[in-house]
Amino acid sequence: PSGINIEGELMNPVEEKESPVQKYGSDQDTDYFDCGEDSINSFLKKNAVVNQKRGVSQIFCLRENVDGVGKPVIGYYTLSAAAIPSSGVDREIIKGVPLGYDAPVILLGRIGIDKRHQGKGHGEFLLMDALERAMNASNDLGVVGVVLDALNKDVASWYQSYGFITLDESKMFIPMKAIKALFR
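Here is what the cut-offs are and how they apply
Residues numbered from 1 in each chain as written. Predicted model: local features only at pLDDT ≥ 70, side-chain atom pairs only at ≥ 80, totals over all residues. Heavy atoms only, no water. Helix = DSSP H or I, 4+ residues; strand = E, 2+ residues; numbered from the N terminus. Buried < 20%, exposed > 50% of the residue type's maximum accessible area, 1.4 Å probe, protein only. Contact = heavy atoms within 4.5 Å. Areas by Shrake-Rupley, 256 points an atom, 1.4 Å probe, with all protein chains shown as cover. Salt bridge = Lys/Arg side-chain N within 4 Å of Asp/Glu carboxyl O. Polar contact = N/O pair within 3.5 Å; in protein donor to acceptor, adjacent residues only side chain to side chain. Expected span 1.5 Å × (residues − 1). Bend = angle between axes of the 7 residues up to and from the residue.

Some remarks on the overall build of the protein chain
- Tallying secondary structure elements over the protein chain gives 4 helices and 10 strands in all.
- Secondary structure elements in the protein chain, listed N-terminal to C-terminal, are β-β-β-β-α-β-β-β-α-β-α-β-β-α.
- Counting across all 184 residues of the protein chain, residues that qualify as buried make up 38%.
- Considering only contacts in the protein chain between residues 6 or more positions apart, those separated by 24 or more positions represent 61%.
- Total accessible area on the protein chain is roughly 11200 Å²; 50% of this is exposed by carbon and sulfur atoms.

Let's talk about the pattern of salt bridges
- The tally for this structure, following the rule as stated, stands at 4 salt bridges.
- Asp 114 serves as the salt-bridge partner of Arg 116, at 2.8 Å between the closest nitrogen and oxygen.

A word on the side chain of Asp 114
- Within the fold, Asp 114 resides in the loop between β7 (103-113) and α2 (122-137).
- On the basis of relative accessible area, Asp 114 is assigned to the buried category, the value being 1%.
- Here Asp 34 takes part through its backbone nitrogen, which lies 3.0 Å from a polar atom of the side chain of Asp 114.
- Those residues in contact with Asp 114 that sit more than four places away from it in its chain are Tyr 32, Phe 33, Asp 34, Cys 35, Val 73 and Ile 74.

What to know about helix α1 (residues 38-54)
- If you check α1, its first and last C-alpha atoms are 23 Å apart, about what 17 residues at 1.5 Å a residue would give, namely 24 Å.
- At Asn 47, α1 shows its largest bend, some 65°.
- Of the residues making up α1, those classed as buried are Ile 40, Asn 41, Phe 43, Leu 44, Ala 48, Asn 51 and Gln 52.
- Downstream of α1 by a residue or two, Gly 55 has a phi angle that is positive, lying close to 80°.

Have a look at this one:
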């Protein structure tokens, strides 16, 4: 078994593979990032560091595989804790949330892929990474799913293809049960 023995030594350490998606850090090169949406570009370049330091959201980046410091960002997404009103949401979707209480969720706040890398599957890769992180967090936190705000109808249609359902004109939701089914 892995763990720490009585002498404080690591026993049978489990090797973890390094994910190509890493938390936002000082070695991220965002200068040339342009996903085509000003609000998503601006957030990454101006607000990501502050939000992450303040604990408002966590930012995860997929970077180009180049040597050295300043690896250009291919794409990114943000995750944070949130809640949605349980009123007006199908009770079957948020099963277990008491009536009158908000449903605890993880907010996929932003997701963007640099225009030079769009159409290569990076959006799906980042979405799956975000959903897997949310699923893993649900083992330690009470969350019933992931919520996001789609920028437009085309984006909403893309999310629907992964199992998200529309809650209102822009808000979309995928239940944790559906996320877990994606990874079986």
